[in-house]
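Examining the three-dimensional arrangement
What follows is the residue order along each chain.
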Amino acid sequence: MIELHLLLLFMIVGAIVAVEVGDLISSVVAVGAVGLGLSLVFLVLKAPDLAITQLVVEILCLIILIRATIKRDLPLIKSGRWHFNTFSTLLFIVVFLLLAFISLHDLPGFGKPLLRVASNYLREGFLRTGSANLVTSVILDFRAYDTLGEATVLFTAVMGVMVVMRRIGRKKE
Amino acid sequence: MSAYFLCLVLFCVGLYCILRKRNLIKIIIGLAIIEYAVNLFFVLAGYRIHGRAPILAADQEIVNMVDPLVQAIVLTAIVIGLATTALIVAIAIRIYDKYGTFDITRINKLKG
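Residues numbered from 1 in each chain as written. Chains lettered and ligands numbered in written order. Predicted model: local features only at pLDDT ≥ 70, side-chain atom pairs only at ≥ 80, totals over all residues. Heavy atoms only, no water.

If you tally the helices and strands in chain A, you get seven helices and zero strands. Each helix and strand of chain A, placed in order from N terminus to C terminus, yields the pattern α-α-α-α-α-α-α. Projected onto its principal axes, the C-alpha positions of chain A cover 60 × 55 × 25 Å. Counting across all 173 residues of chain A, residues that qualify as buried make up 36%. The long-range share in chain A, meaning contacts at least 24 apart out of those at least 6 apart in sequence, stands at 48%. When the accessible surface of chain A is totalled, it reaches about 10900 Å², and 71% of it is carbon and sulfur. Averaging the coordinates of the 16 positive side-chain charges in chain A and doing the same for the 12 negative ones gives two points 9 Å apart. (Helix = DSSP H or I, 4+ residues; strand = E, 2+ residues; numbered from the N terminus. Buried < 20%, exposed > 50% of the residue type's maximum accessible area, 1.4 Å probe, protein only. Contact = heavy atoms within 4.5 Å. Areas by Shrake-Rupley, 256 points an atom, 1.4 Å probe, with all protein chains shown as cover. Lys, Arg positive; Asp, Glu negative; His and termini not counted. Charge placed at Lys NZ, Arg CZ, Asp CG, Glu CD.)

If you want it as structure tokens, here you go:
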């Protein structure tokens, strides 16, 4: 799995560049590189549906973020008393990674999933739904309520964007 | 196991960005990085060594497939992540129109 580790390292480097680089457009482009790397990781992990979706979503996300930053390329303000903030954040991250490193040994090992529910889907998915793609059979048949909730969240977010972005406000009496 | 750990390191980079940066767009970028890390963790947890993609073929027999359940859940989560990102960016653009800055320490009109 050397290619998986290389891609993960590429994503981490891209994320650090996105966090630390000076202007906003470079930062947005770097986070786009991280998202496209994630798409490749999904391909390596044998999830082609996720890779396609991640590719499309990443490009849309880039368009939205560039729309937010294209005319507003302001220099970042770096002054101020933020040493305590930096120190506490780094301390929390170190403690978090230590605890995660200890507790990761209790997970089932990498490459050996439990498959307690999913083995049922793997066995009966084609017989009960007739779909050759088992991911589709899960999201559209076994867990269709999840998809309904997803559509609800999506439409709520779209309504929120339209309400926030509209130009004409309420008329004053 | 090291793949899990690298995924958590990616999560921590996003967390540092959210907690430390003062620019609203940087904070949104940190949220996006955290979202990538969590999606990646789910898919890593469902991976099986020498597994195949969960798509049946007519002339092949199922030997061992990766977990289709986590892939379905992450597929939902990716699309919801796009919607929430769009909503946050819309609010950030409105804040910029009102205050003329992305600096979160200057967005203080409601401060009591």
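All names here are of chain A. Residues Leu36, Ile52, Leu55, Val56, Ile59, Leu60 and Ile63 make up a contiguous nonpolar surface patch of about 610 Å² in total accessible area. Looking at which element gives the most residues to the nonpolar patch, the answer is helix H3 (residues 48-69), with six residues. Position of Leu36 relative to the elements: it lies in helix H2 (residues 24-44). (Patch = residues over 30% accessible without salt bridge, like charges linked within 9 Å, V, L, I, M, F, W, Y side chains within 5 Å. Salt bridge = Lys/Arg side-chain N within 4 Å of Asp/Glu carboxyl O.)

With respect to the helices, strands and loops of the structure, Gln71 of chain B is situated in helix H3 (residues 68-99). Residues within four places of Gln71 of chain B in sequence aside, it is in contact with Lys46, Ala47, Leu50 and Val135 of chain A together with Pro54 and Val66 of chain B.

Moving on, we get to the layout of surface pockets. Left-over empty space is what a probe sized like a water molecule reveals as it rolls over the atoms. Approximately 220 Å³ is the volume attributed to the second largest pocket. For the second largest pocket, the lining is made up of 14 residues, of which Pro113, Leu114 and Leu115 of chain A together with Ala45 and Asp67 of chain B are closest to its centre. Along the lines of polarity and charge, the residues of the lining of the second largest pocket split into 11 nonpolar, one polar and two charged. (1 Å grid on protein atoms, 1.4 Å probe; cavity = no way out; pocket = protein on both sides within 12 Å on 5 of 7 lines; lining within 4 Å. Points joined across faces, edges and corners; volume = space filled by probe spheres on them. Nonpolar A, V, L, I, M, F, W, Y, C, P; charged D, E, K, R; others polar.)

Attention now goes to the environment of Val158 of chain A. When you line up the elements, Val158 of chain A lands in helix H7 (residues 144-165). A residue is classified by how much of its surface remains accessible, and Val158 of chain A, at 42% relative accessible area, is partly exposed.

Take helix H4 (residues 83-103) of chain A next. Residues and elements named next belong to chain A. For H4, which comprises 21 residues, the first-to-last C-alpha distance of 30 Å matches the rise-based estimate of 30 Å (1.5 Å per residue) to within 8%. Those residues of H4 that sit buried are Thr86, Thr89, Ile93, Leu97 and Ala100. Seen along its axis, H4 keeps its buried residues to an arc of 70°; they face one direction. With respect to the buried face of H4, the exposed residues turned more than 90 degrees away are His83, Phe84, Phe87, Leu98, Leu99 and Ile102. (Expected span 1.5 Å × (residues − 1). Arc of directions from axis to C-beta.)

Attention now goes to the interface of chain B and chain A. The partner chain A presents 90 residues to the 72 residues of chain B that form the contact. Regarding the contact of chain B and chain A, the summed buried area is about 7700 Å², with carbon and sulfur atoms giving 78% of it. For the chain B face of the interface with chain A, the top three residues by lost area are Met1, Tyr36 and Tyr47 of chain B, together amounting to 9%. Connecting chain B to chain A are one salt bridge. (Buried area = accessible area lost by both parts, 1.4 Å probe.)

This part takes up the domain arrangement of chain A. For chain A, the domain assignment lists domain 1 (1-71) and domain 2 (118-167). If you average the C-alpha positions of domain 1 of chain A and of domain 2 of chain A, the two centres end up 24 Å apart. (Domains from an automatic or database assignment.)

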